[in-house]
Amino acid sequence: MNKPEVLLNVFSSMDGKITTAPGRNVSEWTAAGIDGEAHDVTHRLYDEMECDGLISGSETLMVYGKDWVHLENPVYEPKKSKAYIVFDGRGRIDWHQTEGLLVVTREDVSKDYLNQLTDKGIDYILAGRGKQIDLPLALHKLYEKGFRKLGLTGGGSMNGAFLRAKVIDEISLVLAPLAIGGTSTPSVFDCEDLKDLEGVTTLKLLNVDRVGNDSVRLHYAVIE
Ligand SMILES: NC(=O)c1ccc[n+]([C@@H]2O[C@H](COP(=O)([O-])OP(=O)(O)OC[C@H]3O[C@@H](n4cnc5c(N)ncnc54)[C@H](OP(=O)(O)O)[C@@H]3O)[C@@H](O)[C@H]2O)c1
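Note that the structure is predicted; figures quoted are calculated from it, not measured.

> Even after reading the chapter, I still don't get helix α5 (residues 135-144), so can you show me in this structure?
It helps to recall that an α-helix has 3.6 residues per turn; residues three or four apart then point in one direction. The complete set of buried residues in α5 reads L135, A138, L139, H140 and L142. Taking the backbone nitrogen of L137 as reference, a side-chain oxygen 3.1 Å away marks D134 as the first, capping residue of α5. In the segment just after α5, G146 is the residue with positive phi, at about 110°.

> What should I look at first to understand the side chain of R106 in this one?
Note on placement: R106 falls in the loop between β4 (101-105) and α4 (111-119). Reaching out from R106, the side chain makes a polar contact with the backbone oxygen of G130 at a distance of 2.9 Å.

> Explain a nonpolar patch on the surface here, please?
Taken together, L194, L197 and V200 make up a surface patch of nonpolar side chains, about 290 Å² in accessible area. Structurally, L197 is set in the loop between β7 (170-175) and β8 (203-211).

> I'm lost on the pattern of salt bridges in this one. Help?
As a working rule, side chains carrying opposite charge can pair if their charged atoms are close by. One pass over the structure, following the stated rule, counts eleven salt bridges. Residues K3 and D169 are paired through a salt bridge, measuring 2.6 Å at the closest nitrogen-oxygen approach. Of this pair, K3 sits in the segment before β1 (5-12) while D169 sits in the loop between α6 (156-164) and β7, and the two are 166 residues apart along the sequence. Close ionic contact of D94 with K120 constitutes a salt bridge, the shortest N to O distance being 2.9 Å. With a gap of 26 residues between them, D94 in the loop between β3 (84-87) and β4 and K120 in the loop between α4 and β5 (123-126) connect regions that are remote in the sequence.

> Could you clarify how one ought to interpret the site of the ligand in this entry?
Lining the immediate environment of the ligand, one finds 25 residues, of which F11, R24, T60, R90 and S157 sit closest. Between the ligand and the protein, one listed contact pairs an oxygen atom with a backbone N or O atom of E59 at 3.3 Å. Between an oxygen atom of the ligand and a main-chain N or O atom of F87, the distance comes to 3.0 Å. Protein coverage of the free-state accessible area of the ligand, which is 950 Å², stands at 88%. Among the secondary structure elements, those contributing two or more residues to the shell around the ligand are β1, α3 (58-66) and α6. When its residues are assigned to classes, the shell around the ligand shows ten nonpolar, eleven polar and four charged.

About the criteria used
- Residues numbered from 1 in each chain as written.
- Predicted model: local features only at pLDDT ≥ 70, side-chain atom pairs only at ≥ 80, totals over all residues.
- Heavy atoms only, no water.
- Buried < 20%, exposed > 50% of the residue type's maximum accessible area, 1.4 Å probe, protein only.
- Helix = DSSP H or I, 4+ residues; strand = E, 2+ residues; numbered from the N terminus.
- Polar contact = N/O pair within 3.5 Å; in protein donor to acceptor, adjacent residues only side chain to side chain.
- Patch = residues over 30% accessible without salt bridge, like charges linked within 9 Å, V, L, I, M, F, W, Y side chains within 5 Å.
- Areas by Shrake-Rupley, 256 points an atom, 1.4 Å probe, with all protein chains shown as cover.
- Salt bridge = Lys/Arg side-chain N within 4 Å of Asp/Glu carboxyl O.
- Near = heavy atom within 4 Å.
- Nonpolar A, V, L, I, M, F, W, Y, C, P; charged D, E, K, R; others polar.

By themselves, these are just geometric observations and shouldn't be taken as functional.
Quick look at the structure:
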């Protein structure tokens, strides 16, 4: 099955946490001026990597919606992406910002949710039924819609599901000069534990750069 290239591009603390604590909006690091410009650098990288669409998980959108953080100096807005693609398998989001939006959900999502998408004129893709969206099928359908390079933007559960489904081609991680710690704080990849070495994803380092203000960008290709 053809699929677009999937480039994970997120920023985290040096210990791999992607927010302060569960349910917090990571933009608070940027608003407080402590993210080492990692947020802005990451957004610029979507254009540098020529991503033609950006994928987000549902929880991220809900956190940003509930807990909006106002930024005095807004971060760069990627220009090359044609769509913001949100995976909302359970149909939980009440949509307000619909420009450029493409929703991916399950074939057996509620009728009410499908009615919302139709009434608001939102483009959508159905992929899989049951507990979770069928990720390879969703990516194939995105390929058929013309997408060739998608930026995966988080959160951690979304990244973890993509990692376990073995559909990530490259990883770009900007480490902000912060140590967060915690045991249930979202991290770069949140998914089920491995049982042995078999599921380990091996990487080839493509580049290491000092970026922003005391941040570091690590760029890897996924080997397998
Ligand atoms: N630092 C950064 O770059 C960055 C970027 C984004 C977000 N964040 C932070 O991350 C936090 C949110 O992260 P999160 O991990 O809680 O949520 P999330 O990844 O945004 O949401 C969970 C998503 O994973 C999907 N999912 C989980 N397991 C799956 C599977 N096996 N197959 C298919 N889909 C699966 C869920 O699908 P359903 O919708 O079907 O449940 C849902 O869309 C927020 O605090 C936000 O501030 C940080």
